[in-house]
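Spelled out, the chains give:
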Amino acid sequence: MIKTTHEISNEDGYIKYNFFEIHPILEEIISDDYFTYGTKEFKKQNFCEDLYKKNFYDKYDELNYKEVYEKYINNENFKAKAMFIYSVIDFDKYRKFVELNKEIKNPNELTLNYSVLDSTGVKIDIYNLSIVDISFVF
């Protein structure tokens, strides 16, 4: 696993960090600025919103796919997870990865874990994703 941290905030000595654990194979699909997720430097909010719109709202008619809307598209937890994936995965790199890897034998081993750490040693696990989760939102 590749492990990286990046400071999210520092208020009066209380520091919060992004903490990523990325399977080495998935490193090739990670965007160059993934570590800025949740920080003031993060600049991809509009891009992520556009991808969500394209991959869900534009793709599925609400009348014909009521269950999909209820279970996924209008579910705030699902949307937050998808937006996270769009924030850290580079779409073009992902597309190339899919072309080169038509079949993956152990997809649950290809994981991306995201946590928030703080200066007091508290770690909060936020997302534990596999390549299956990533492919679902693309």
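Since the structure is predicted, the reported quantities are computational estimates derived from the model, not experimental observations.

Each value, and the rule that gives it
- Residues numbered from 1 in each chain as written.
- Predicted model: local features only at pLDDT ≥ 70, side-chain atom pairs only at ≥ 80, totals over all residues.
- Heavy atoms only, no water.
- Helix = DSSP H or I, 4+ residues; strand = E, 2+ residues; numbered from the N terminus.
- Rg over C-alpha atoms; globule rule 2.2 N^0.38 Å.
- Buried < 20%, exposed > 50% of the residue type's maximum accessible area, 1.4 Å probe, protein only.
- Contact = heavy atoms within 4.5 Å.
- Axes fitted to C-alpha atoms, helices over the stretch in contact; angles between N-to-C directions.
- Parallel < 35°, antiparallel > 145°, perpendicular 65-115°, else oblique.
- Left-handed = near helix turned anticlockwise from the far one by under 90°.
- Nonpolar A, V, L, I, M, F, W, Y, C, P; charged D, E, K, R; others polar.
- Salt bridge = Lys/Arg side-chain N within 4 Å of Asp/Glu carboxyl O.
- Pairing = 2+ DSSP bridges.

### Comments concerning the overall build of the chain
Stage number 1. On a plain count of helices and strands, the chain comes out with five helices and four strands.
Stage number 2. Rg of the C-alpha trace for the chain: 16 Å, near the compact-globule value of 14 Å for 138 residues, within the 12% margin.
Stage number 3. Taken across its 138 residues, the chain has 39% of its residues classed as buried.
Stage number 4. In the chain, the proportion of contacts linking residues at least 24 apart, taken out of those at least 6 apart, comes to 61%.

### Brief notes about the environment of S87
Stage number 1. Along the polypeptide, S87 turns up in helix α3 (residues 76–88).
Stage number 2. Along the sequence, S87 and E99 sit twelve residues apart, while their C-alpha atoms lie 21 Å from each other.
Stage number 3. S87 has contacts with S31, Y34, Y37, F42, K44 and C48, leaving out every residue within four places of it along the chain.

### Some details on unusual backbone geometry
Stage number 1. Despite not being glycine, D12 shows a phi value in the positive range, around 55 degrees.
Stage number 2. You can see D12 is positioned in the loop between β1 (2–11) and β2 (14–22).

### What to know about the packing of helix α1 (residues 45–57) against α3
Stage number 1. Between α1 and α3, the least distance of the axes is 9 Å, while the angle of their chain directions is 120 degrees. With respect to their mutual orientation, α1 and α3 come out oblique. Crossing geometry of α1 relative to α3 is assigned as right-handed. For the pair α1 and α3, the contacting residues are Q45, F47, C48, E49, L51, Y52, N55, F56 and Y57 in the first and F78, K79, A82, M83, Y86 and S87 in the second.
Stage number 2. Considered class by class, the residues forming the contact of α1 with α3 number ten nonpolar, three polar and two charged.

### Section: the pattern of salt bridges
Stage number 1. Throughout the structure, instances matching the rule amount to eight salt bridges.
Stage number 2. Taking the shortest distance from any N to any O, the salt bridge between E21 and K123 comes out at 4.0 Å. Placement of the pair is E21 in strand β2 and K123 in strand β4 (residues 123–130), with a sequence separation of 102 residues.
Stage number 3. The residue E49 makes a salt bridge to K79 at a minimum N-O spacing of 3.6 Å.

### Here we look at the sheet that holds strand β3 (residues 111–118)
Either a parallel or an antiparallel arrangement is found when strands of a sheet pair, and the pairing is made through backbone hydrogen bonds.
Stage number 1. Spatial strand order, β1-β2-β3-β4: four strands in an open sheet with antiparallel pairing. Pairing within the sheet leaves two strands with one partner each, and these edge strands are β1 and β4. Across this sheet, the average inter-strand angle for adjacent strands is 15 degrees, counted without regard to direction.
Stage number 2. Note that β1 and β2 share nine bridges and pair antiparallel. From the neighbouring strand, S9 faces β2, where its bridge partner is K16.
Stage number 3. Where α3 meets the sheet, its contacts fall on β2, β3 and β4, and the angle it forms with β4 comes to roughly 80 degrees.

### As for the side chain of N113
Stage number 1. Of note, N113 is situated in strand β3.
Stage number 2. Owing to a relative accessible area of 15%, N113 belongs among the buried residues under this scheme.
Stage number 3. Excluding residues that lie within four positions of it along the chain, N113 makes contacts with M1, F19, F20, E21, Y127, N128 and L129.

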